[in-house]
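# Fold and contact review
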Amino acid sequence: MSILVESLTKVYGTQKAVDDISFSANQGVLGFLGPNGAGKSTTMKIITTFIPQTAGKVSVCGYDVNLQQQEVKRNIGYLPESNPLYLDMYVKESMAFIASVHRMKSPGKRIDEIIEQTGLGPEQHKKIGQLSKGYRQRVGLAQAMIHDPQVLIMDEPTSGLDPNQLIGIRQLILDLGKTKTVILSTHIMQEVEAVCDHVIIINKGKIVADDTLSGLRDKNQGKTLENIFIGLTNGLVRL
């Protein structure tokens with residue numbers, strides 16, 4: 001398994017943000033869905049080693065997120081919702097900086113590859129602060145992918161994009177899912193239906209659905225994913 005989560009729990013004071021969840025993810029695109037405050041971001045931060053869990057176990061490509069953090073970081077790329085970027089850096093300069101963080105040797109060829117893959121070629125000599133939101137999202141993706149990780153975790157990667165920008169990012173995610181494990185967290189149900197092979201829905205810290213898209217529809221008389229999501233997270237449906 002590229003990602004294996006076993007009995008994961010995270011407690012903040014008296015609040016249980018993640019409540020004994022287990023799931024796995026392999027090659028392809030997994031939609032990780034839930035309302036605000038459901039525990040999505042907390043789970044992703046634990047998987048990416050940003051915060052420790054209270055209980056349970058998480059491994060990425062066979063490496064424990066607590067005991068083997070450096071190995072996990074080598075195998076994972078993370079695009080957070082905030083997409084933090086150095087706006088005064090030029091695009092290509094920022095790629096070289098992130099490559100140095102990963103201690104990549106002779107990264108020039110890889111930088112050229114990732115710029116082409118993410119469609120940043122026309123913008124590579126501009127400052128990031130001069131770019132549109134769509135191209136800034138591409139820079140964030142490129143930085144997450146520069147070290148060629150096996151696992152990519154993306155939190156709201158298409159939020160605020162116009163339809164043309166959205167199509168480009170959607171195709172990039174589809175292409176990545178052919179060779180990598182991608183976890184996509186979003187509130188946009190159309191995006192999930194367009195790119196995801198499998199869906200997990202979390203609500204109040206617990207997983208309420210873990211199935212393929214077709215499996216979810218079969219269990220819910222062909223309803224749209226949006227209606228299934230609303231039913232599950234409002235307690236109207238149980239799977």
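Residues numbered from 1 in each chain as written. Predicted model: local features only at pLDDT ≥ 70, side-chain atom pairs only at ≥ 80, totals over all residues. Heavy atoms only, no water.

Let me state the cut-off plainly: UniProt positions are given in the numbering used here, feature names are shortened, and annotations may be inferred rather than shown by experiment.
An unreviewed UniProt entry lists the chain under the name Putative ABC transporter ATP-binding protein YxlF, from Mucilaginibacter gotjawali. In its Sequence similarities (unreviewed entry) section, the UniProt entry covering the chain states "Belongs to the ABC transporter superfamily."

### Concerning helix H9 (residues 225-233)
Stated formally: The buried label goes to any residue with under 20% of its type's maximum accessible area, the exposed label to any with over 50%, and the partly exposed label to all in between, with areas taken from a 1.4 Å probe on protein chains only. By definition, any uninterrupted DSSP run of H or I lasting at least four residues is a helix, any uninterrupted run of E lasting at least two residues is a strand, and each is numbered from the N terminus. Whether two residues are in contact is decided by their heavy atoms: any pair within 4.5 Å suffices.
When H9 is considered as a whole, its buried residues turn out to be Leu-225, Ile-228, Phe-229, Gly-231, Leu-232 and Thr-233. Against the buried residues of H9 lie strand S3 (28-33), helix H7 (189-195), strand S9 (198-203), strand S10 (206-212) and helix H8 (213-219).

### Quick notes on the pattern of salt bridges
Stated precisely, the cut-off is as follows: Just to be clear on terms, a salt bridge is a Lys or Arg side-chain nitrogen sitting within 4 Å of an Asp or Glu carboxyl oxygen.
On inspection of all chains with the given rule, the structure shows eleven salt bridges. Between Lys-92 and Asp-112 there is a salt bridge; the shortest N-O distance is 3.3 Å. You can see Lys-92 sitting in helix H3 (residues 91-101) and its partner Asp-112 sitting in helix H4 (residues 108-117), a full 20 residues away along the chain. When the shortest N-O distance is used, the salt bridge between Asp-211 and Lys-219 registers 2.8 Å. Classification of Asp-211 by relative accessible area gives buried; the value is 14%. Each of Arg-110, Glu-113, Asp-148 and Lys-180 takes part in a single network of salt bridges with overlapping partners.

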